[in-house]
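Examining the three-dimensional arrangement
Here is what each chain is made of, one letter per residue.
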Amino acid sequence: MMPRIEFRSAAPVHRAVIVSPHWDDAVFSCGGRIAQWAREGPVLVINLFTDFTGAPSRTRASLGEHRAREEAAAAAFLGFTTVSLGEKDCVCRSRKYLAPGRLFGGVRVAEDPIDPSRLREKLDRVLSKLSWREMVLPLGVGWHVDHLLAHEATRGFHGDPRTLFYEDAPYSYVPPLVERRLAELGHRPVGDGARVLREDGRRAAATLFDWAPFSGLRSDWIRRGARWATGLFFARLFRRRTRPFLCRPWTVHAADISDAFDLKRRACFLYESQIKAFFSEGSLWESHARSVPDPAGRPGLLERYWRLVVPEGGVERGGVVTPDGLAVDHGDGDAPAGIEGF
């Protein structure tokens, strides 16, 4: 297993401290900048949900020691330190998260035993013992329940001028998930009419149907039906996650990782189990990773990072959905429909 955090009396000032929901999220999302930051000083990745005890047998994801070895290999390759808080992964907290509609719906099921306040306090205790030049946090793109918990657990640091937010990859490769998540956090409004929602849902489904979870669907009529259902799921999800009256501007920095892209590619492919879980071919990952758009329209190999703009003299606590940052599903009637194969 990954080492837990141990503190020395004279802790270094980290070039960057990155909060990662799981092993692989930091490298998938920030691998280029991690390689660059590691040239300038120590880089620490704090992984939150790394306890896979009690994992359901029917999950198709690779869990446990295999993923720990992948993380250790990537850390050694890129030159960062990786530590674990040892919180249980969501599918080990409740089997209901095996349904993709629950896992990616931004809804914490009622029987989920995690205490968001305790998680926040635990992470705060860890971070209070560290020094850093930049903190890098998940934006929560894709509404994976653990990614939203990680985003909310760091709420007290959201308005710090040293804090950046990364676009959670590979979910950020699916249009228009980044724009929809930013709109939910108040960046700028997006269309919420039925036609726009359906079109955005179809765009998301069209991208996902090139990915590994759908590659096993051979029958044309099954593929058409699954694609229609996936588009409908996203349209409904986007409608639920719209916050039309929230206004909190964000700024974006497009980081040029051209000199580190090959290092990022090699590090990402050290997470072999996760690459295969998302992409049927490695070239598909590379196509997405090379196509991150620059807001200014300039060419280059990029990663994008966002910063919350806090009014002068104001206090910003981050994106609040409920007191713990997540809606809670109290019954099957309110649960988003699952989509098998996602």
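In what follows, the structure referred to is the one given above.
Position labels on residues start from 1 in each chain and follow its written sequence. With pLDDT at 70 or above as the cut-off, local features in this predicted model cover only qualifying residues; side-chain atom pairs require 80 or more to be listed or tallied, and sums for whole chains, interfaces and linings still use all residues. By convention in this description, side-chain values take in all heavy atoms of the structure and omit both hydrogens and water.

1. Considering the pairing of strand β2 (residues 16–20)
Along β2, five of the five residues are buried, which leaves the element largely enclosed by surrounding structure. Three labels apply to residues, based on accessible area from a 1.4 Å probe with only protein chains included: buried if under 20% of the type maximum, exposed if over 50%, partly exposed otherwise in between. Only DSSP runs of H or I with at least four residues qualify as helices, and only runs of E with at least two residues qualify as strands; both kinds are numbered from the N terminus onward. The alternating pattern of β2 places A16, I18 and S20 and V17 and V19 on opposite faces, both of which are buried. Strand pairing follows a simple DSSP-based rule, namely that at least 2 bridges must link the two strands. As paired elements, β2 and strand β3 (residues 43–51) share five bridges and run parallel to each other. Counterpart to V17 in the pairing with β3 is L44. Alignment of β2 against strand β7 (residues 135–138), held across two bridges, turns out to be parallel. Bridging across to β7, V17 finds its partner in M135.

2. With respect to the packing of aromatic side chains
Each aromatic pair joins two rings of Phe, Tyr and Trp (for Trp, the six-membered one) with centres within 6.5 Å, and gets the label stacked for planes under 30 degrees apart, edge-to-face for over 60, and tilted for any other angle. Summed over all chains, the structure comprises 16 aromatic pairs. Between F104 and Y171 the ring centres are 5.4 Å apart and the planes differ by 65°, which places this aromatic pair in the edge-to-face class. Linking F104 in the loop between α4 (100–103) and β5 (107–109) with Y171 in the loop between β8 (163–166) and α7 (177–184), this pair joins segments that are 67 residues apart in sequence. Neither residue differs from the other here; F104 and Y171 are each classed as buried. Both rings, one in F269 and one in W285, keep their centres 5.5 Å apart while their planes meet at 90°; by these two values the pair is edge-to-face. Placement of F269 in the loop between α11 (261–268) and α12 (272–278) and of W285 in helix α13 (residues 282–289) is noted, with a sequence separation of 16 residues between them. Among the residues examined, F269 registers a relative accessible area of 31% and is labelled partly exposed.

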